[in-house]
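# Remarks on the overall topology
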Amino acid sequence: MDTIDCIRSLMSAWESYEDVLLLCDNSDDTNEVEKVLSFLAQVGSPRKQDCSQKSIDYIFRYERIIYFKSKSNLGFAKANNCLLSYVFNDLQSEISWIWFLNNDTLVDPIDYSSIHTYASNTKCNLLYSQINTFDNQYESDGLHYINLVTSTTTNVKKICYTPYICGASLLLRYSKSIPLWNEAYFLYYEDIDYYFTLKQMGYIAEQIPNAKILHKVSASTKKVRTINMIKIRSQSIFMKKYAKSYLAYFVLRCIHLLALSRIAEFKNFINIAREE
């Protein structure tokens, strides 16, 4: 199970450090939730924490792991904000960095140590690392790219494409001024919006050399129904905010969908564009 495998990889790597893991479980699958809780019970006895957030059902602490169970699938952005709210208001620990990390990732102890060492010595406030696939094949250097005319994204650097940090792994130096994620996005484009927000605030990104994470791409999105509708809505929200010309994007998108005879998707796109 991805979440358990991710936790295991972090626990095997953090023995020399005093890190705390905050996990927001968005799953609506009772069996999956029970598997995670059963695994965490092996880590330590759960201690129930105070919970004032309306979107969270309960919070348990297992030694250095704090588990949040959402009342429903909140999406990536809102789940991150729930954790940030806890960090800002309730976490009784000294914080240097916040690492946003997907649950479908693995981190090797050597890479974990490299990330720690670099973060401890850099003056930069925004970091990213190389991303490999689960079979350890190169996927990207941690940056992905978007065309602000067509909304097309890629992990390969191209002319006329703007870089952003892939949301699977993003490290921020802690401060109370860290922005929240835009909850208008349920899935897709929230990491691009977040990076653009950070850039507008003056954050400067830097790659951590000699460090990587393994990422099982799209593992969580495969479980979400109506994923195409969600992607279209997020895409429309993002392009209205950042497109060089929303009209050009809108026309090109309509032509593309009609050319491929994707009539149902075309109708959905028109309806969403009207809503937004």
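Read on for an overview of the structure. Being a predicted model, the structure only gives us computed values, none of them experimental.

When you go through the protein residue by residue, the secondary structure sums to eight helices and 13 strands. Split into buried and exposed, the 276 residues of the protein put 49% on the buried side. Accessible area of the protein: about 14,300 Å², with a carbon and sulfur share of 50%. With 30 positive and 29 negative side-chain charges, the protein shows a separation of 7 Å between the mean positions of the two kinds.

Another aspect to go through is the pairing of strand β13 (residues 205-215). The pairing of strand β6 (residues 105-106) with β13 spans two bridges and is classified as antiparallel. Counterpart to Leu106 in the pairing with β13 is Leu214. As paired elements, strand β7 (residues 126-132) and β13 share six bridges and run parallel to each other. Within the sheet, the bridge partner assigned to Ile131 lies in β13 and is Ile213.

With that settled, consider the sheet that holds strand β3 (residues 56-62). Sheet architecture is open: four strands sit in the order β1-β4-β3-β2, paired in mixed fashion. Of all the strands in the sheet, just β1 (21-25) and β2 (47-49) have a single pairing partner and so form its edges. Taking each pair of neighbouring strands and ignoring which way they run, the sheet shows an average axis angle of 25°. Pairing of β1 with strand β4 (residues 65-70) involves five bridges; the strand directions are parallel. Note on β4: the bridge partner recorded for Cys24 is Phe68. This element, helix α1 (residues 2-13), spans β1 and β4 of the sheet and lies at about 180° to β1. Taken strand by strand, helix α3 (residues 75-89) contacts β1, β2, β3 and β4, and its axis lies near 140° from that of β1.

Of note in the backbone geometry, Asn136 takes a positive phi value of approximately 65° without being a glycine. One can find Asn136 in the loop between β7 and β8 (138-140). In this structure Asn136 comes out as partly exposed when scored by relative accessible area, which is 41%. One non-glycine residue, Cys160, adopts positive backbone phi at about 75°.

A general feature of soluble globular proteins is that nonpolar side chains tend to end up buried together. Of all hydrophobic cores here, the largest spans 56 residues; its most connected members are Phe68, Leu172, Phe196 and Phe238. Among the elements that take part in this core, α3 stands out by supplying nine residues, more than any other. Excluding its chain neighbours within four sequence positions, the residues that come into contact with Phe68 are Leu22, Leu23, Cys24, Asp25, Ile56, Tyr58, Ile59, Leu83 and Tyr86. One finds Leu10, Tyr17, Leu37 and Tyr62 within the second-largest nonpolar core, a separate group that totals 24 residues.

This part covers the pairing of β1. Burial runs high along β1: five of the five residues are buried. Residues Leu21, Leu23 and Asp25 point to one face of β1 and Leu22 and Cys24 to the other, with burial holding for every one of them.

With that settled, the discussion passes to the pattern of salt bridges. Counted under the stated rule, the structure contains four salt bridges. Salt-bridge contacts for Lys216 lead to Asp2; the nearest nitrogen and oxygen are separated by 2.8 Å. Here Lys216, found in the loop between β13 and α6 (227-242), pairs with Asp2, found in helix α1; they are 214 residues apart in sequence, far enough to count as distant. Exposure remark for Lys216: the relative accessible area of 33% places this residue in the partly exposed category. Overall, Asp2 belongs to the buried group, its relative accessible area being 16%. Linking Arg8 and Asp5 is a salt bridge whose minimum nitrogen-to-oxygen distance equals 3.6 Å. You can see Arg8 and its partner Asp5 sitting in helix α1, three residues apart, about one turn around the helix. Since its relative accessible area comes to 31%, Asp5 is described here as partly exposed.

Calculation rules
- Residues numbered from 1 in each chain as written.
- Predicted model: local features only at pLDDT ≥ 70, side-chain atom pairs only at ≥ 80, totals over all residues.
- Heavy atoms only, no water.
- Helix = DSSP H or I, 4+ residues; strand = E, 2+ residues; numbered from the N terminus.
- Buried < 20%, exposed > 50% of the residue type's maximum accessible area, 1.4 Å probe, protein only.
- Areas by Shrake-Rupley, 256 points an atom, 1.4 Å probe, with all protein chains shown as cover.
- Lys, Arg positive; Asp, Glu negative; His and termini not counted.
- Charge placed at Lys NZ, Arg CZ, Asp CG, Glu CD.
- Pairing = 2+ DSSP bridges.
- Axes fitted to C-alpha atoms, helices over the stretch in contact; angles between N-to-C directions.
- Contact = heavy atoms within 4.5 Å.
- Core = buried A, V, L, I, M, F, W, Y, C linked by side-chain atoms within 4.5 Å.
- Salt bridge = Lys/Arg side-chain N within 4 Å of Asp/Glu carboxyl O.

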